[in-house]
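# Working through the structure, step by step
What follows is each chain in one-letter form.
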Amino acid sequence: MTKENLLTTVFMRIRPRLQATAGRIQPGDDEATADALQEAFCRLWSRRHSISSESHAEGALMTTVRNVCIDNLRHSSLESRSDSQVPITDETATADPTEDTSELYDEVNRIISRALSERDREILLLRDRNGYEMDALAARFGLSEANIRIILSRARRTVRECYRKNRQP
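Just so you know, these numbers come straight off a predicted model, no measurement behind them. (Residues numbered from 1 in each chain as written. Predicted model: local features only at pLDDT ≥ 70, side-chain atom pairs only at ≥ 80, totals over all residues. Heavy atoms only, no water.)

## Structural notes on a positive patch on the surface
Rule in force here: Any residue with relative accessible area above 30% and no salt bridge may belong to a patch, with like charges joined within 9 Å and the nonpolar Val, Leu, Ile, Met, Phe, Trp and Tyr side chains within 5 Å. Surface accessibility follows the Shrake-Rupley procedure with a 1.4 Å probe radius. Residue values consider only the protein chains on display as shielding. Whenever a carboxyl oxygen of Asp or Glu lies within 4 Å of a side-chain nitrogen of Lys or Arg, that contact is scored as a salt bridge. Neither His nor the chain ends is counted toward charge; the positive residues are Lys and Arg and the negative residues Asp and Glu. Taken as the charge location is NZ of Lys, CZ of Arg, CG of Asp or CD of Glu. Numbered from the N terminus, helices here are DSSP runs of H or I no shorter than four residues, and strands are runs of E no shorter than two. Whether a residue is buried, partly exposed or exposed follows from its accessible area with a 1.4 Å probe, protein chains only, as a fraction of its type maximum: under 20%, in between, or over 50%, in that order.
A surface patch of positive charge is lined by Arg154, Arg157, Arg160 and Arg164. Mapping arginine 157 onto the fold places it in helix H8 (residues 145–167). We classify arginine 157 as partly exposed; its relative accessible area is 39%.

## Considering helix H7 (residues 134–141)
Residue pairs spaced three or four apart in an α-helix point in one direction, given the helix's 3.6 residues per turn. Formally: Each C-beta atom gives one direction from the helix axis, and the arc is the one those directions make. Contacts are assigned to residue pairs that have any heavy atoms within 4.5 Å of one another.
For H7, the set of buried residues is Met134, Leu137 and Ala138. Burial along H7 is one-sided: seen end-on, the buried residues are contained in an arc of 100 degrees. Packing partners of the buried residues in H7 comprise helix H6 (118–128) and H8.

## A word on the nonpolar core
Just so we agree on the cut-off: Residue types Ala, Val, Leu, Ile, Met, Phe, Trp, Tyr and Cys, when buried and joined through side-chain atoms within 4.5 Å, form a set referred to as a nonpolar core.
Core analysis: the biggest nonpolar cluster contains 19 residues, and Leu7, Val10, Phe11, Leu18, Leu37, Leu61 and Val65 have the highest contact counts within it. Only helix H1 (3–25), helix H2 (30–45) and helix H3 (54–83) provide two or more residues apiece to this core. A total of seven residues in this core trace back to one element, the largest contributor, which is H1.

## Quick look at the confidence of the model for the chain
Our working definition: The predictor attaches a confidence to each residue, called pLDDT, with possible values from 0 through 100.
In this model, the chain carries a mean pLDDT of 83, and residues with pLDDT of at least 70 account for 83%. Predicted confidence for residues 90–94 stays below pLDDT 50, and this span has two contacts to residues more than four positions away or in other chains.

## What about a negative patch on the surface?
On the surface, Asp29, Asp30, Glu31 and Asp35 cluster together to form a negatively charged patch. Turning to its location among the elements, aspartate 30 is positioned in helix H2. Relative accessible area serves as the criterion here: at 69%, aspartate 30 is assigned to the exposed category.

## Structural notes on the packing of H6 against H8
Put simply, the test is: Where helices are involved, their axes are fitted lines through C-alpha atoms of the stretch in contact, as for all axes, and angles between N-to-C directions lie from 0 to 180°. An angle below 35 degrees is treated as roughly parallel, one above 145 as roughly antiparallel, one from 65 to 115 as roughly perpendicular, and anything else as oblique.
Running from N to C, H6 and H8 point in directions that differ by 95 degrees, and their axes come no closer than 9 Å. One finds that H6 runs roughly perpendicular with respect to H8. Contact with H6, carried on its side by Arg119, Asp120, Ile123, Leu124, Arg127 and Asp128, involves Ile148, Ile151, Leu152, Arg156 and Val159 of H8 and no other residues of that element.

Here's what the structure looks like:
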């Protein structure tokens with residue numbers, strides 16, 4: 001069986017299970033469930049040559065469907081938060097938002113340069129500012145993608161904690 005055939009065959013065989021998984025994560029939206037399955041299949045299609053067996057394909061499909069659904073939920077949650085309006089007071093009406101943003105940006109840059117190691121700082125900036133993909137970062141630094149994720153998580157936590165300490169009266 002070819003790699004293309006393997007992925008397609010397994011996808012069609014476990015499609016009901018994939019739909020049930022997606023439906024549990026994002027209930028009540030059949031269209032979103034169908035979109036999640038399609039997105040998962042498309043993501044895996046580009047990596048179909050690395051899939052070695054039916055069990056590998058099955059695990060990759062289940063994991064990818066779950067991750068796509070979670071990404072969709074996060075995205076919709078962020079949209080709903082940005083849609084909610086903040087009441088405008090005299091203070092917010094007269095404040096210059098670019099000035100606040102610039103100050104915040106400068107403060108975060110100072111924290112990043114002071115609190116992170118050179119490697120962690122470079123990984124954080126390449127990922128968050130330059131949009132590097134995890135696999136590209138892993139290859140560049142000779143690390144696994146999981147290791148890159150851990151480094152990013154710890155670096156972001158460090159920056160967040162330092163920022164909060166600086167903001168406390």
